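Below are the chains, spelled out letter by letter.
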Amino acid sequence: MKLTPARICQLIFLALFLILFVQTEYRGRDEINAAVNAFFRVDPLVLFSYLLAAKSWSWLLLPAVLMVVATLLLGRFFCGWICPLGTILDLLTARIRKTAPIRALKGNTKYWLLLPLLSASLFNLNLSGLLDPIAILLRGLTFLLYPLLGLAAREGWVSLYHTIGERRDALAPAYNLIRDNLLPFRDTIYPLAFLSAAILLGIIALERFETRNWCRNLCPLGTLLGWLARFSIFSRVPATLCGDCGQCRELCPTGFDRDVLLKEECILCMECRQGCPHGRISFRPSAGLKGVGPLLPERRILLGGLAGGLLLAVPARFRNPEKESRLLRPPGVRSEDEFLKRCVRCGECMKVCLKSALYPASYQAGLEGIYTPLVIPRLGYCEYNCTLCGQVCPTGAIPALPVEAKRREVIGKAVFDKNHCLPFARKIDCIVCEEHCPIPEKAIRSREVTVMGLDGLSKVVKEPYLVEEICNGCGICENVCPLETKAGIEVFAVKNRTPIPPQSAGQEEKPFSAYP
Amino acid sequence: MDRRTFIKTSGTAALLAPTLIMEALAAREQSLVAVAEGNDHAAITRKAINAVGGMKRFVKPGDVVVVKPNMGWDRSSELAANTNPLVVRAVVEECLAAGAKKVKVFDYTCNDARRCYVNSGIEGALKGMKNVECKQIEPERFRKISLNGQFLKEWELYDEALSANVYINLPIAKHHGLSKLTLGLKNVMGIMGGNRGYIHRNLDVALADVNAHVKKHLTIIDATRILTAHGPQGGNIADVKVLNKVIASTDTVAADAYATTLFGLKPSDIAVTVTAYKRGQGEMNLDKIKVVRV
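Residues numbered from 1 in each chain as written. Chains lettered and ligands numbered in written order. Predicted model: local features only at pLDDT ≥ 70, side-chain atom pairs only at ≥ 80, totals over all residues.

A closer look at the overall build of chain B
Okay, so step 1: Scanning chain B for helices and strands turns up nine helices and twelve strands.
Okay, so step 2: Here the C-alpha radius of gyration of chain B, 19 Å, is about what a compact globule of 294 residues would show, namely 19 Å.
Okay, so step 3: Once the C-alpha set of chain B is aligned to its principal axes, its extents read approximately 75 × 40 × 40 Å.
Okay, so step 4: Looking at the 294 residues of chain B, the share that counts as buried comes to 54%. (Helix = DSSP H or I, 4+ residues; strand = E, 2+ residues; numbered from the N terminus. Rg over C-alpha atoms; globule rule 2.2 N^0.38 Å. Buried ≥ 20, exposed ≤ 12 C-beta atoms within 10 Å, placed from the backbone.)

Points about the interface of chain B and chain A
Okay, so step 1: Tallying the contact residues gives 31 residues for chain B and 36 residues for chain A.
Okay, so step 2: When residues of the side of chain B that touches chain A are traced back to their parent elements, those giving at least two are helix 3 (85–97), helix 4 (113–119) and helix 5 (122–126) of chain B.
Okay, so step 3: Within the side of chain B that touches chain A, the residues separate by chemical class into ten nonpolar, 14 polar and seven charged. (Contact = placed C-beta atoms within 7 Å. Nonpolar A, V, L, I, M, F, W, Y, C, P; charged D, E, K, R; others polar.)

Overview of the environment of Ile-370 of chain A
All names here are of chain A.
Okay, so step 1: Tracing the backbone shows Ile-370 in the loop between strand 3 (358–360) and strand 4 (373–375).
Okay, so step 2: Residues Ile-370 and Arg-345, spaced 25 residues apart in sequence, show a C-alpha to C-alpha distance of 8.1 Å.
Okay, so step 3: If we ignore the near neighbours within four places in the chain, the residues touching Ile-370 are Ala-361 and Ser-362.

Topic: the nonpolar core
Okay, so step 1: Membership of the largest hydrophobic core comes to 213 residues, with the highest contact counts inside it found for Val-67 and Ile-247 of chain B.
Okay, so step 2: If you tally residues by element for this core, the top one is helix 9 (residues 133–164) of chain A, at nine residues.
Okay, so step 3: Setting aside its immediate chain neighbours within four residues, Ile-247 of chain B contacts Val-33, Ala-34, Val-35, Ala-48, Ile-220, Ile-221, Ala-223, Ala-255, Tyr-258 and Ala-259 of chain B. (Core = buried A, V, L, I, M, F, W, Y, C linked by C-beta atoms within 7 Å.)

Quick word on helix 11 (residues 193–205) of chain A
Residue and element names in this part refer to chain A.
Okay, so step 1: Spanning 13 residues, helix 11 covers 18 Å between terminal C-alpha atoms, matching the ideal 18 Å at 1.5 Å per step.
Okay, so step 2: Every buried residue of helix 11 is accounted for by Ser-196, Leu-200 and Ile-203. Projection of helix 11 onto a plane perpendicular to its axis shows the buried side chains occupying an angular sector of 60°, all on one side. Residues of helix 11 that are exposed and angled more than 90 degrees away from the buried face: Phe-194 and Gly-202.
Okay, so step 3: Buried residues belonging to helix 11 abut helix 9 and helix 12 (213–217). (Expected span 1.5 Å × (residues − 1). Arc of directions from axis to C-beta.)

Remarks on unusual backbone geometry
Okay, so step 1: The peptide bond linking Val-237 of chain A to Pro-238 of chain A adopts the cis configuration, its omega dihedral lying at -5°.
Okay, so step 2: Relative to the helices and strands, Pro-238 of chain A is located in the loop between strand 1 (234–237) and helix 14 (248–251).
Okay, so step 3: A cis amide bond links Gly-231 of chain B with the next residue in sequence, Pro-232 of chain B, at an omega value of 5°.
Okay, so step 4: Mapped onto the fold, Pro-232 of chain B is located in the loop between strand 10 (218–227) and strand 11 (240–249).
Okay, so step 5: The phi dihedral of Ala-80 of chain B falls on the positive side, at around 60°, and the residue is not glycine.
Okay, so step 6: Mapped onto the secondary structure, Ala-80 of chain B falls in the loop between strand 2 (64–69) and helix 3.
Okay, so step 7: One non-glycine residue, Asn-244 of chain B, lies in positive phi territory at about 55°.
Okay, so step 8: The topology assignment puts Asn-244 of chain B in strand 11.

Let's talk about the domain arrangement of chain A
Okay, so step 1: In terms of domain boundaries, chain A breaks down into domain 1 (5–140 + 193–285), domain 2 (321–407) and domain 3 (413–483).
Okay, so step 2: When each unit is reduced to the centre of its C-alpha atoms, the spacing between domain 1 of chain A and domain 3 of chain A is 54 Å. (Domains from an automatic or database assignment.)

A closer look at the environment of Ala-414 of chain A
All names here are of chain A.
Okay, so step 1: By secondary structure assignment, the location of Ala-414 is in strand 5 (residues 413–416).
Okay, so step 2: On the basis of neighbour count, Ala-414 is assigned to the buried category, with 25 C-beta atoms found within 10 Å.
Okay, so step 3: Other than its neighbours up to four places away in sequence, Ala-414 contacts Leu-466, Cys-471, Gly-473, Cys-477, Glu-478, Ile-489, Glu-490 and Val-491.

What to know about the packing of helix 7 (residues 109–122) of chain A against helix 13 (residues 220–229) of chain A
Residue and element names in this part refer to chain A.
Okay, so step 1: Between helix 7 and helix 13, whose axes approach to 9 Å, the crossing angle comes to 90°. With respect to their mutual orientation, helix 7 and helix 13 come out roughly perpendicular. Contacts from Lys-110, Tyr-111, Leu-113, Leu-114 and Leu-117 of helix 7 reach helix 13 at Pro-220, Thr-223 and Leu-224.
Okay, so step 2: Here the residues of the contact of helix 7 with helix 13 sort into six nonpolar, one polar and one charged. (Axes fitted to C-alpha atoms, helices over the stretch in contact; angles between N-to-C directions. Parallel < 35°, antiparallel > 145°, perpendicular 65-115°, else oblique.)

Laid out in structure tokens, this is it:
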């Protein structure tokens, strides 16, 4: 592989993506300044689907607007210079032997993906994240590959202890360095791990048929950028294959399988310019929409796309009410509908979650909610003083809140199950939930009551009760409940998520300063 | 008794005698509780340690020492949910000055371990100190220990705490929803693995079972600030009372008994203390405890 400027740029952005990915994790500081969400903030597909669905503006989207402007001026350079998934395909494709392109994917397939997605957004269902290339890459990494790396490293480290015991301490500094800077802090196994990785691997497998198969035939972000690129003032000269050579057909990774180079498919990788034996090719500003074909896809595709979105948006709405009772969203999400309009399902909140409380919904939130984050308190709880999920959310679907505000946000409300909870069911003391409740005034309290024990004798037991007004639903009670499998206290979703009153969320805590 | 038996018996007796006599002496020795008071928390920590014989009495050169503070909660130091970092540092310094080869400081936290270590201020207070290790719990180091207690037959305990030459118990005095107070005897939960919530159903007996197994060479109770309500994690500065006191004793039960009085309670109010006392783990009657104020 030759190191052309585009290649170098691609590798830099891939490295940046991976560094930011690893940085999207609690590394000992309450703030994450740079996270992989930066890639979504410049993503025009996220921009358009957000605007269509939420029908409102957020300043978080400004970089994506700049990307739109840049694409209008220069063309579809994102795909050839920046997109980390595209880079991975470029790095792998040389090793994959090609058969013939799949005919079925040619033509308007890409519009049949993009248009229903955008149209569904218009009908309040934002699914763009499901097919966004960056989201696909991130989910594959977050849900399968990164946990696998962490698990392998940790298991290795533990088995080293079982083999050589205390002598392992000699290697501890090296391991700690890797653990603190590279590994995920704890091993979390995610649902949908295999699906996420399978989609990613499927896209790589498509390279078997032609180079950048996903990019040119399917990717909705690429399609959108390509459509914007039609207006670009920057184009390749000559626009067609030269009669005497035709070398470009071999060199071009995307659009030159016809006689004319379509602007919407040129990713400006400059391979043709580098490789032209005659030095004829240049990229320069040139006016007009010469030779780009019709501005919009055919009417039946437009209408079909619109109808497809509607069909997608309405039946996908079905939700099982029983599942919905446990549909707990990250802190700060007050309205399910508003959340679904903004969430890009990138998985960053689930990666960053300190206590492994967040998991991708597989069936719990219906078809429309697949991959959206859910709090599963029995597996992890929302740490009282942590605000990371809001910080890394690229679209503000989970709002970035100061810690004082976040503590008051209601995820749900805890409810005792007296058939399981020990003081009620077995008449014995427990109240581990009260002990762990982080609300300074305690949303879980207990009172001493005289009851008849199971042996028939009268005894005094501490019975817990909930002060619902100040419960924020963090789920630590359910998480630490010492009963096996099912907890004696559970957090249920509530419609009214008005924050709990400020006096219950604790006084301003000053950081300890005796040691600078 | 034939000659062989006589030799066997007298031999065994001769071997065991010093230990037995020491045990008998120790039992008769009055429990001593040192209480130091002052605004300089590091200085009063040293005073309290010196009043019970100085760290050299416990730590011999080359020893590996475990200092087990309470840093179980993601709360800043002034909220009195975790041991005061100044007190922890002073204890660690004393250990090093006495010749400790290594001092290990850890706790099995309730909230996220990283946040607790950072926000308790303890990790920061120990940063850069030579031969001091403040690392998070590594689950593989828990070992199933046969306790043969009244409630717990066996439990997972932290290997590093058991294998150390000296174990210094360094809790903060605070309120607790179930046991009323959490002091030296309850601090042992920080070296327990497994489903710790399980022991709440018989807390005082379970703690006595574990404490019987874990030798605490010295118990130092941080009462520079105490948490008077909404324990064990608090969160409201209004629940914190500043006392500027540090208590030290080789008898954990006696230290706990004295600390109880700081909350206006009697040792007999605390089931954990009473059970440990009844099991012979220490003295809880205040009139039998010698309190030295420094």
